[in-house]
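Examining the three-dimensional arrangement
The lines below spell out each chain.
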Amino acid sequence: MAFGNAMRHIPATRPVVFHARLIIGVLLLLVVAIALPFVASGYLVFQLTLTLVYAIAILGLNMLTGYSGQISLGHGAFYAIGAYTTAILMTRFGVDYWWTIPISGLTCLIVGFLFGLPALRLEGLYLALATFALAAATPQILKHNGISAWTGGVQGIVIIKPDPPHGLPVNADQWLYLFTLAITIVMFVLAWNLLRGRIGRAMIAIRDHPIAAAAMGVNISLFKSLMFGVSALYTGIAGSLGAIAVQFVSPDAFNILLSISLLLGVVVGGLGSIPGVIFGALFIEFVPDFAGQVSKAAPWAVYGLLLIACMYVAPSGMAGLARQTLASIRKAGRAWPLA
Amino acid sequence: MTSLLEASDLRAFYGSAEVLHQLAFSVGEGTITALLGANGAGKTTTLRAICGLVRSSGEVRFAGTPIGGRATEDIVRLGIAHVPEGRGTFLSFTVEENLQLGAHVRRDKSQRRSDVDRLYGYFPILAERRRQQAGTLSGGEQQMLALSRALMSRPRLLLLDEPSLGLAPIVVQEIFRIMRRINAEEGMSILLVEQNVNLALGLSDHAYLLETGRLALSGPSKELRKHEAVRRSYLGY
Amino acid sequence: MNGLLHQVFSGLATGGIYASLALALVMIYRATELVNFAQGEMAMFSTYLAWSMINAGLPYWPAFLLTIGVSFLAAAVIQLAIIRPLANAPILASVIVFIGLLLVFNSIAGWIFSYTIKTFPSPFPSEPLWANSYISTHEVGAIGVTLALLAILFAFFRWTELGLTMRAAAENPVSSRLVGIRVARMVALGWGLAAALGAVAGMMVAPIIFLDPNMMSGVLLYAFAAALLGGIDNPWGAVLGGFSLGIVENLLGAYLIGTELKMTVALAIIILVLVVKPSGVFGRTVLTRV
């Protein structure tokens, strides 16, 4: 089955040869990324900031579902926790926005780890069920009167856009973009290191051969919970940055459709692919705009069809398709007879 | 004598590993043929390949019709019954229900009752336990049930996988006696996989010896009994 | 006492609906070891189909039966065409497809029928039976329909040949193949029956909570909780779980925590079951074979 092979396609240690081409490519990408806010309109900068935010969230989910094989349908809940943590800290406690990021990361790490402990003892389907329920219940929990003193209840919380630091020749939107970009780069580098090293190999071992992994001394439950926590941390940080960018948090923004969007980002970009995450983020940020012009329901119908189609046609998402295309180009190139 | 089942160049695969290599064998109509070999030789895999339960290539013909690549449920409907290793009984169903399911492919439901009674005649203990859950039966009783279930479909060819495994000798004797009787009275062809070489050679007309997925020896059972290599490795003298 | 009885009775009515949907989930789980996350949205879509038929002038009961038939067929086709090919792929693939189906049904319902809330007729008279103040006639009717359906299904599985065959295919697909049972068809039939159950659940609940594309999300969550509580592979457990949760939901809502935390209650129950006894009250223990 195409899907099965796709999952196995993720190599244990991808030998990254530091081609000059690769380094130049990444640097070029960085230059473009940094230059973007200065050439794009204000609204586009905002959209790009959100793209980066989603990239971090999708990266978190991908580490869990793509690499570790644990199905989470409820990562929107952690996004919400991150967003509300930042909102509450900034508006009720006057904490500076940059401090709220690590705090919400830590909060989500703990909550994720605790949620993971019982849920991950069981097989994938039960985790999917539990996280589905979590996502469905999140807006209701956020609206609850008991905590509305903190959360603002149904009306939510408004956040004031932070000012750029003195002296820098950027406006608030551009600063926010660059701030987010910096954090995104850090998170990506950390993830890349994590996954290439022993931890990444352990995750793949647990995913593909759990019994062998346990026999070799990997403490599976603890490890899975830890991975869940880390994945939640990523999504929580994304939520914080997202809240600052949107300047508003409210319960209904964090419904199950958010969790499904994140999952879609993972699937479309490619399970287990880090570069694919960027594509997934671009996808879920910009496609609803286009599709939404047709009708309010259209984006979701498209998403649904795409989810199904991906499992058949492109189980490893864009990253897989890109890899296949590159491979066939290379093969075609080699087919030319030597002079 | 015509061949009811014929296999040539049969290969079987678990994943990408080839476990049966270019097997060629046949089961004559009305005969009992034994497939022998040590643990892991590929005997069970051969039966599963015939039934389409494992990926295979090559040619398998049943009564002249090629059956390679067909779905298990279609192959079975052609007149083959398979009693798998581990018996495959429907554990939470009663003895009667198991037999009823065995007759699933039969068009003539009216005959079913008399068939059930006939089988209860062969195995009276099953009649006693007819309303019991199959999972509560002993090993020997489950083997009788599995065999009966297979016979309910009135197959032309019966595939039996290790019927003696884990059973007391007296029970094994009983089962083999019934098999001999069914073969003699109804002319049912049997392909028997057995680790107990002595018993198998005693019951069968013809035998094949498998070693690590390949055919090592074949011939009439009486002769194989006297064959040097068989005696040394499998009969112990 | 008045209020308590009322809560219990109407809890039984919604409980019956949870029971139907939970049973649908359990049936599919037993046959395929998968949970159909799209069951609620499919039921909602069936209800909209019924609504369209009734709106077009068809009397209630013919529309009811026609909806069941169409839902049955559509579900069987979906199973064969979209779900079955992924049977050997990792569970993640099937789960993603279920989510995809969820989105498709939800959004197409919204597209075709709009998101404005609609009323759905009840086939039962609106005057309460014997002028009682505990339970509406529709609620009695809903309980009755649910019980009738469950009885029909029980009889079907227990006493018919096809029912026996379907049970066998669910319990042991390999042995079933060996007796010639076309397992793929049986699974498709199972999906059809599950969809039929869902359609009835939708049509019974719509007069109470009104028809809108998102009406089944809460019901589905409670159905999940009921199925898990009873044991995800146990149909009796699902039914018992469904009725119990209907009552529990009402009592908790009326006397303890108010009506705004219904989903949260379902979540709490799901987590509780998974932590304390994942196999549910009546299910077989979830052992992963080493």
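Structure: see above.
Residues numbered from 1 in each chain as written. Chains lettered and ligands numbered in written order. Predicted model: local features only at pLDDT ≥ 70, side-chain atom pairs only at ≥ 80, totals over all residues.

For the rest of this paragraph, the subject is the nonpolar core. Ranked by internal contacts, the top residues of the largest apolar core, which has 281 residues, are A:Ala133, C:Leu21 and C:Ile270. Looking at this core, the element that brings in the most residues is helix 8 (residues 183-209) of chain C, giving 18 residues. When we break this core down by domain, the ones giving at least three residues each are domain 1 (3-79 + 155-235) and domain 2 (91-154) of chain B. Setting aside chain neighbours within four positions, we find A:Ala133 in contact with C:Leu221, C:Phe224, C:Ala266, C:Leu267 and C:Ile270. (Core = buried A, V, L, I, M, F, W, Y, C linked by C-beta atoms within 7 Å. Buried ≥ 20, exposed ≤ 12 C-beta atoms within 10 Å, placed from the backbone. Helix = DSSP H or I, 4+ residues; strand = E, 2+ residues; numbered from the N terminus. Domains from an automatic or database assignment. Contact = placed C-beta atoms within 7 Å.)

With 13 residues of chain C in contact, the opposing surface of chain B contributes 18 residues. At the level of elements, helix 6 (161-171) and helix 7 (173-178) of chain C are the ones that each hand at least two residues to the side of chain C that touches chain B. Across the side of chain C that touches chain B, the residue classes tally to six nonpolar, four polar and three charged. (Nonpolar A, V, L, I, M, F, W, Y, C, P; charged D, E, K, R; others polar.)

What follows covers the packing of helix 6 (residues 124-143) of chain A against helix 9 (residues 216-230) of chain C. Contact pair helix 6 of chain A / helix 9 of chain C: the axes reach a minimum separation of 11 Å and the direction vectors enclose 145°. Considering how the two elements wind past one another, helix 6 of chain A and helix 9 of chain C form a crossing that is left-handed. Residue-level inspection shows A:Leu129, A:Ala133 and A:Ala136 of helix 6 of chain A in contact with helix 9 of chain C, the latter providing C:Ser217, C:Leu221 and C:Phe224. The residue inventory of the contact of helix 6 of chain A with helix 9 of chain C, partitioned by class, reads five nonpolar, one polar and no charged. (Axes fitted to C-alpha atoms, helices over the stretch in contact; angles between N-to-C directions. Left-handed = near helix turned anticlockwise from the far one by under 90°.)

Phi angles above zero are rare outside glycine, and B:Arg87 is one such case at about 70°. By the element assignment, B:Arg87 lies in the loop between strand 6 (80-83) and helix 3 (95-102). Judged by the 23 C-beta atoms lying within 10 Å of it, B:Arg87 falls in the buried class. Even without being a glycine, C:Ser114 presents a positive backbone phi close to 65°. Residue placement: C:Ser114 occurs in the loop between helix 4 (91-113) and helix 5 (137-159).

Turning next to the sheet that holds strand 2 (residues 17-28) of chain B. All names here are of chain B. Strand order in this open sheet of four strands is 2-1-4-5, and the pairing throughout is antiparallel. Of all strands in the sheet, those bounded by a partner on one side alone are strand 2 and strand 5 (65-66). Bridge analysis of strand 1 (residues 3-14) against strand 4 (residues 55-62) gives seven bridges, and the strand direction is antiparallel. Within strand 4, the residue paired with Ala 7 across the bridge is Val 60. Across the sheet, helix 1 (residues 43-51) touches strand 1, strand 2 and strand 4, and the angle it forms with strand 2 is around 75°. (Pairing = 2+ DSSP bridges.)

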